[in-house]
Amino acid sequence: MTTFTALTTISGEDAAYQLSEALEDLVPEPTGVGVFEIEDGSGLWEVAAYFLEYPDAGALAVYSALHDAKPFNISELPDQDWVSKVQRELAPVAAGRFYVYGSHDADTVPAGKIPLLIDAAMAFGTGHHGTTLGCLRAFDALCNAGFSGGRVIDVGCGTAVLAMAAAKVIPDVVLASDIDPVAVEVAAANVAANGLSGQVDCVVAAGFEAPELATGAPYDLIFANILKGPLIGLAPAMAQNIVDGGHVILSGILNEQADEVIAVYVESGFNLVENSSIVEWTTLTMSKNIPI
């Protein structure tokens, strides 16, 4: 099936989402619209629309002008099974005690490793990206240091790979939340595929004010593999919703952004436990200070 893409860039998150919503009224209508931050410090966001028919170039030009975006670049994607292609190219990943694999590599799980089945899907987090891999390694290190359970939440869970990793090693129910309903659907399917139904609860929620998240607080461990901006914005809420001595594992942070994130969390009452990087991505483990 032939797919066409229309890509543009625009300044600011709000403007990007306004444009993405407007694109849903196009004829022919897009099969999907995505909004992505360009992580180079420019403040630009990419808006991508996908079509099964060649899109209306004139209408796209009008939308880009009205929203002060760059002209759309329209291109045709090759006709191929993208999920199968990704599955073939994604090799299994070992991260400490954990082993992330696709169903096409089910026969490669080593003895003694904790398996996490994640097939290529729409949501973020197969375990191959430096941020997800960094979080899994950080959690493995935390377990090696004595973490054995408690209330755990994976904020911005994507595929729920981090929530599932926690559920595989602790006896408590783990909460996985995401603002994207599609991600939550994918997460729930992954939870079922890994035999963790009843051990991981997947909910659509933003921040900690959602009832399901507020009820579960305070947490002993919070995963947040998102982006620098949301991480900084969530710092006060993280401090309010975690036990004294509890840990946060943070990623989605470019190496050059790490000092800023650390400073904000230190100001919110955390101290740095571990700072690790994989290529251009940093993962931070921090603990909530215990009052003296």
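Just above sits the structure.
Everything numeric here is computed off the predicted structure, so don't read it as measured data.

### A short note on the pattern of salt bridges
Part 1 of the argument: This structure, assessed with the given rule, holds four salt bridges.
Part 2 of the argument: Among the salt bridges present, the one from Lys-228 reaches Glu-260, with a minimum N-O distance of 3.4 Å. Here Lys-228 is found in helix α8 (residues 228-240), whereas its partner Glu-260 is found in helix α9 (residues 258-267), with 32 residues between them in sequence.
Part 3 of the argument: Of the residues examined, Lys-228 reaches a relative accessible area of 24% and is grouped as partly exposed.

### Notes on the sheet that holds strand β8 (residues 152-155)
Part 1 of the argument: Ordered by their spatial adjacency, seven strands build an open sheet running β10-β9-β8-β11-β12-β14-β13, and the pairing between neighbours is mixed. Either end of the sheet is taken by a strand with one partner, and the two such strands are β10 (200-204) and β13 (270-278). Looking at each pair of strands side by side, their axes are set apart by 15 degrees on average, direction ignored.
Part 2 of the argument: Note: strand β9 (residues 174-178) against β10, five bridges, orientation parallel.

### A short note on the environment of Ile-253
Part 1 of the argument: Position of Ile-253 among the secondary structure elements: in strand β12 (residues 242-254).
Part 2 of the argument: Residue class for Ile-253 comes out buried when judged on its relative accessible area of 0%.
Part 3 of the argument: For the pair Ile-253 and Ile-226, spaced 27 residues apart in sequence, the C-alpha separation works out to 7.9 Å.
Part 4 of the argument: Sequence-distant contacts of Ile-253, that is, excluding residues within four places in its chain, are made with Leu-231, Ala-258, Val-261, Glu-280, Trp-281, Thr-282 and Leu-284.

### Some details on the sheet that holds strand β4 (residues 73-77)
Part 1 of the argument: Spatially, four strands are ordered β2-β3-β1-β4 in an open sheet, and the strand pairing comes out antiparallel. On the outer flanks of this sheet lie β2 (32-37) and β4, each paired with one strand and no other. Neighbour-to-neighbour, the strand axes of this sheet turn through a mean angle of 25 degrees, independent of strand direction.
Part 2 of the argument: In this structure, strand β1 (residues 3-11) lies alongside strand β3 (residues 44-51), joined through eight bridges in antiparallel fashion. Bridged to Ala-6 within β3 is Ala-49.
Part 3 of the argument: Strand contacts of helix α1 (residues 13-23): β1, β2 and β3, with the helix running at about 15 degrees to β3, the strand carrying the most contacts.

### Comments concerning unusual backbone geometry
Part 1 of the argument: The omega angle of the peptide bond from Val-27 to Pro-28 is -5 degrees, so this bond is cis rather than trans.
Part 2 of the argument: For the bond running from Ala-217 to Pro-218, omega is 0 degrees, close enough to zero to count as cis.
Part 3 of the argument: Structurally, Pro-218 can be placed in the loop between α7 (211-216) and β11 (219-225).
Part 4 of the argument: The backbone of Ala-160 shows a phi angle near 75 degrees, a positive value even though the residue is not glycine.
Part 5 of the argument: Given a relative accessible area of 0%, Ala-160 falls into the buried group.
Part 6 of the argument: A positive phi is found at Val-279, a non-glycine position, where the angle reads about 55 degrees.
Part 7 of the argument: Structurally, Val-279 can be placed in the loop between β13 and β14 (281-288).

### Re the packing of aromatic side chains
Part 1 of the argument: Applying the stated criterion to the full structure yields eight aromatic pairs.
Part 2 of the argument: Measuring from ring centre to ring centre gives 6.4 Å for Phe-208 and Tyr-219, while their planes differ by 50 degrees; the resulting arrangement is tilted. Placement of the pair is Phe-208 in the loop between β10 and α7 and Tyr-219 in strand β11, with a sequence separation of eleven residues.
Part 3 of the argument: We classify Phe-208 as buried; its relative accessible area is 7%.
Part 4 of the argument: Its relative accessible area of 2% is what places Tyr-219 among the buried residues.

### Concerning the side chain of Ser-287
Part 1 of the argument: Of note, Ser-287 is situated in strand β14.
Part 2 of the argument: Among all residues touching Ser-287, those that are not within four sequence positions of it are Gly-245, Gly-246, His-247, Gly-269, Phe-270, Asn-271 and Val-273.

The rules behind each value
- Residues numbered from 1 in each chain as written.
- Predicted model: local features only at pLDDT ≥ 70, side-chain atom pairs only at ≥ 80, totals over all residues.
- Heavy atoms only, no water.
- Salt bridge = Lys/Arg side-chain N within 4 Å of Asp/Glu carboxyl O.
- Helix = DSSP H or I, 4+ residues; strand = E, 2+ residues; numbered from the N terminus.
- Buried < 20%, exposed > 50% of the residue type's maximum accessible area, 1.4 Å probe, protein only.
- Pairing = 2+ DSSP bridges.
- Axes fitted to C-alpha atoms, helices over the stretch in contact; angles between N-to-C directions.
- Contact = heavy atoms within 4.5 Å.
- Phe/Tyr/Trp six-rings, centres within 6.5 Å; stacked < 30°, edge-to-face > 60°.

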